[in-house]
Amino acid sequence: MVLGTGSTCSVDAVSRAVPEAAARAETVAELGEVLSRHLATVLPHDGYLLSGFDPVTGARCFLACENSYSTPARRRMDRANALGRTRRPVADLLHGPCPAVVLGAGAQDPCPDTRRLHGIMAADAYGSELCIALSRRGVARGALVLLRERGARPFSPSETVRAAELAEPLTAAVTRYVADKPLRPRKIHLPPAIVVIGRNDEIAGATPTGREALRGILPGVYPAGEQELFSFVWHITYTVRRTGMPAITRAPTPLGWFSLQAHPLDGAMTGDVVVTLQPAPAAELLPALAQWYGISPRERTVVEQALQGLAAKQIARRLDLSPHTVNDHFKAVYRKTGVTGREELIACL
């Protein structure tokens, strides 16, 4: 049965409610459930898939899903999207006239790509998909896919318009889920988790300590079942396959921020890919934090100098600023990230 009636709440009411509700969510799974529950009143659906994207690189950094595609189906879709084989992927929606599109049954412009996607959907008993691109100032923050089962009423053009109106508040919701949580020092210190993806896109090897690290971290970032243990690697692996270049994403978890890096072993797009998950070093983490927390370029530069161990007066001389201005920048960063001072900020990074 489709969730929601579509008439119990207005789009404006949902727009006002979802950012506040998302800010209170403690985990990605809770965030997905909160957004789904509010959207069900104006966009009834049977299931959903919510992805967060690293705002610097565009690679997926978290995933929440309920009554959604199976792992093999998601993997096929990740491959099609990353390799540019799907009509109207999220990257296209960001720069198009409408941030929402229907795929499968109800699509306005059926083509071979959407028909192939429809085949994947039907195999998982879904008939219609409504994809909403979430972006701020042209930078992707995530994507929300709402699903209806095969045989249910497809998503309509009017619902696509409704979804487009909700794209901005949904983007604010995802941003607040991340940025309304104060930075805190990492709760655990784990060895790097290393996974090797072979040419056939199968797991060719993984470190034993890496498996344990993944089991501890991923429930706050990805579905927690054993079957899903390595599913998070496909999106970034296919990103490397498309470009032949290293890729990185930074993931917020209840245990702190972690970085996921993928490198082609031999520099070829079709070769083995090494994926490493580890606590995010400060130099890697800061660019993503600046986007999520709204840290200005000048504030980021001041923090970068502080990470080198420079005192405020030294930073002022190096950047040709007054010590008062430097301290103002620090205070702004403390306020935005929710830390109490410089020592805590450095510890969090």
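Since the model is a prediction, treat every value here as computed from it, not as a measurement.

*Asks:* Summarise the packing of aromatic side chains; cite the residues concerned and give the values.
*Replies:* Within this structure, the stated rule accounts for two aromatic pairs. Taken together, a centroid distance of 5.9 Å and an interplanar angle of 70° make the contact between Phe62 and Tyr177 edge-to-face. Of the two residues, Phe62 sits in strand β2 (residues 60–66) while Tyr177 sits in helix α6 (residues 157–179), which places them 115 residues apart along the sequence. Relative accessible area serves as the criterion here: at 4%, Tyr177 is assigned to the buried category. An angle of 20° between the planes, with centres 6.0 Å apart, marks the rings of Phe330 and Tyr334 as stacked. Of this pair, Phe330 and Tyr334 are both found in helix α12 (residues 323–337), four residues apart, which corresponds to roughly one turn of the helix. In this structure Phe330 comes out as buried when scored by relative accessible area, which is 3%.

*Asks:* Hey, could you go over the pattern of salt bridges for me, with residue numbers and the actual values?
*Replies:* The full count for this structure, using the stated rule, is nine salt bridges. Across the pair Glu33 and Arg37 runs a salt bridge, and its minimum N-O distance is 3.1 Å. Residue Glu33 and its partner Arg37 are both found in helix α2 (residues 28–39); the two are separated by four residues, about one turn of the helix. Residue classification places Glu33 among the partly exposed residues on the basis of a relative accessible area of 37%. One salt bridge in this structure joins Arg148 and Glu159, with 2.6 Å as the shortest N-O distance. Taken together, the residues Arg148 in strand β5 (residues 139–149) and Glu159 in helix α6 connect sequence positions 11 residues apart. Glu159 shares its class with Arg148; the two are buried. Within this structure, Glu20, Arg176 and Asp180 form a network of salt bridges that share partners.

*Asks:* An account of the layout of surface pockets is requested, with residue identities and associated values reported.
*Replies:* Its volume calculated, the second largest pocket comes out at about 420 Å³. For the lining of the second largest pocket, the secondary structure elements donating two or more residues are α6, β8 (247–253) and β9 (256–264). Of the residues belonging to the lining of the second largest pocket, the class tally is 10 nonpolar, three polar and four charged.

*Asks:* Can you tell me about the sheet that holds strand β6 (residues 193–197), naming the residues and giving the values?
*Replies:* The strand order across the open sheet formed by five strands is β7-β6-β10-β9-β8, and the pairing between neighbours is antiparallel. Pairing within the sheet leaves two strands with one partner each, and these edge strands are β7 (203–206) and β8. In this sheet, neighbouring strand axes are inclined to one another by 20° on average, regardless of whether the strands run parallel or antiparallel. Relative to strand β10 (residues 273–279), β6 is paired through five bridges, and the arrangement is antiparallel.

*Asks:* Could you give an account of the pairing of strand β1 (residues 47–53), with specific residues and numbers?
*Replies:* Residues in a regular strand point their side chains to alternate faces of the sheet. Burial analysis of β1 places seven of its seven residues in the buried class, the great majority of the element. Here β1 shows no split at all, with Gly47, Leu49, Ser51 and Phe53 on one side and Tyr48, Leu50 and Gly52 on the other all buried. Pairing between β1 and β5: six bridges, direction antiparallel. Counted as the bridge partner of Gly52 is Gly142 from β5. Count of turn residues in the β1/β2 antiparallel hairpin: six residues, of which Gly58 carries a positive phi of about 80°.

*Asks:* A description of helix α1 (residues 11–24) should follow, citing residues and the corresponding values.
*Replies:* Residues spaced three or four apart along an α-helix face the same direction, because each turn holds 3.6 residues. Compared with an ideal rise of 1.5 Å per residue, which puts 14 residues at 20 Å, α1 spans 21 Å between its outermost C-alpha atoms and is within 8% of the ideal. At Val18, α1 shows its largest kink, close to 30°, and the proline Pro19 lies no more than four residues downstream. Of the positions making up α1, those classed as buried are Val11, Ala13, Val14, Ser15, Val18, Pro19, Ala21, Ala22 and Ala23. Where the residues of α1 are buried, they touch α2 and α6.

About the thresholds
Residues numbered from 1 in each chain as written. Predicted model: local features only at pLDDT ≥ 70, side-chain atom pairs only at ≥ 80, totals over all residues. Heavy atoms only, no water. Phe/Tyr/Trp six-rings, centres within 6.5 Å; stacked < 30°, edge-to-face > 60°. Helix = DSSP H or I, 4+ residues; strand = E, 2+ residues; numbered from the N terminus. Buried < 20%, exposed > 50% of the residue type's maximum accessible area, 1.4 Å probe, protein only. Salt bridge = Lys/Arg side-chain N within 4 Å of Asp/Glu carboxyl O. 1 Å grid on protein atoms, 1.4 Å probe; cavity = no way out; pocket = protein on both sides within 12 Å on 5 of 7 lines; lining within 4 Å. Points joined across faces, edges and corners; volume = space filled by probe spheres on them. Nonpolar A, V, L, I, M, F, W, Y, C, P; charged D, E, K, R; others polar. Pairing = 2+ DSSP bridges. Axes fitted to C-alpha atoms, helices over the stretch in contact; angles between N-to-C directions. Expected span 1.5 Å × (residues − 1). Bend = angle between axes of the 7 residues up to and from the residue. Contact = heavy atoms within 4.5 Å.

That's the geometry; what it means functionally is another story.
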